[in-house]
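Architecture at a glance
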Amino acid sequence: WDAGTLELKSEKTNAHSGVITSVAFSPDGSKIVSGSTDKTIKVWDAGTLELKSEKTNAHSGVITSVAFSPDGSKIVSGSTDKTIKVWDA
């Protein structure tokens, strides 16, 4: 969505096989990270929504939170498996 007009800019259907629980933009706005109940973390091109990378079975439980580090070099994820993990972006 465009923040000023709430105009839809792009959409990716069936981005995960489970419910998407968390999404975040990279600091420079070029990537989006998503986490899901399917235990997968995916990184998308923010402009095209093309899948850039994914980590299947990233956690043994549902992923509840994902975020980029301030410099965009890492991704942190949290899960119902009671773990926090840090990944190279």
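Up top you'll find the structure we're talking about.
Residues numbered from 1 in each chain as written. Predicted model: local features only at pLDDT ≥ 70, side-chain atom pairs only at ≥ 80, totals over all residues. Heavy atoms only, no water.

The next point concerns the pairing of strand 6 (residues 74-79). Two strands pair when backbone bridges link them, and strand 5 (residues 63-68) and strand 6 are joined in this way by five bridges, in the antiparallel orientation. Its bridge partner lying in strand 6, valine 66 is registered against serine 77. With antiparallel pairing between neighbouring strands as the criterion, strand 5 and strand 6 make up a hairpin whose turn holds five residues, including glycine 72 at a positive phi of roughly 80 degrees. In the sheet, strand 6 pairs with strand 7 (residues 84-88) via five bridges, with the strands oriented antiparallel. Residue pairing in the sheet places valine 76 in a bridge with valine 86 of strand 7. Taking the residues that link successive antiparallel strands as the turn, the strand 6-strand 7 hairpin has four residues, and the phi of lysine 82 there is positive, at about 75 degrees. (Pairing = 2+ DSSP bridges. Helix = DSSP H or I, 4+ residues; strand = E, 2+ residues; numbered from the N terminus.)

Below, the discussion takes up the pairing of strand 3 (residues 41-45). Taken across its five residues, strand 3 has four buried, putting it largely inside the fold. With five bridges connecting them, strand 2 (residues 31-36) and strand 3 associate as antiparallel partners. From the neighbouring strand, lysine 31 faces strand 3, where its bridge partner is aspartate 45. The antiparallel hairpin formed by strand 2 and strand 3 contains four residues in its connecting segment, where lysine 39 sits at a positive phi of about 70 degrees. Where strand 3 meets strand 4 (residues 51-55), four bridges bridge the pair, whose relative direction is antiparallel. Residue pairing across strands places lysine 42 opposite glutamate 54, the latter belonging to strand 4. (Buried < 20%, exposed > 50% of the residue type's maximum accessible area, 1.4 Å probe, protein only.)

Geometry only, nothing functional implied.
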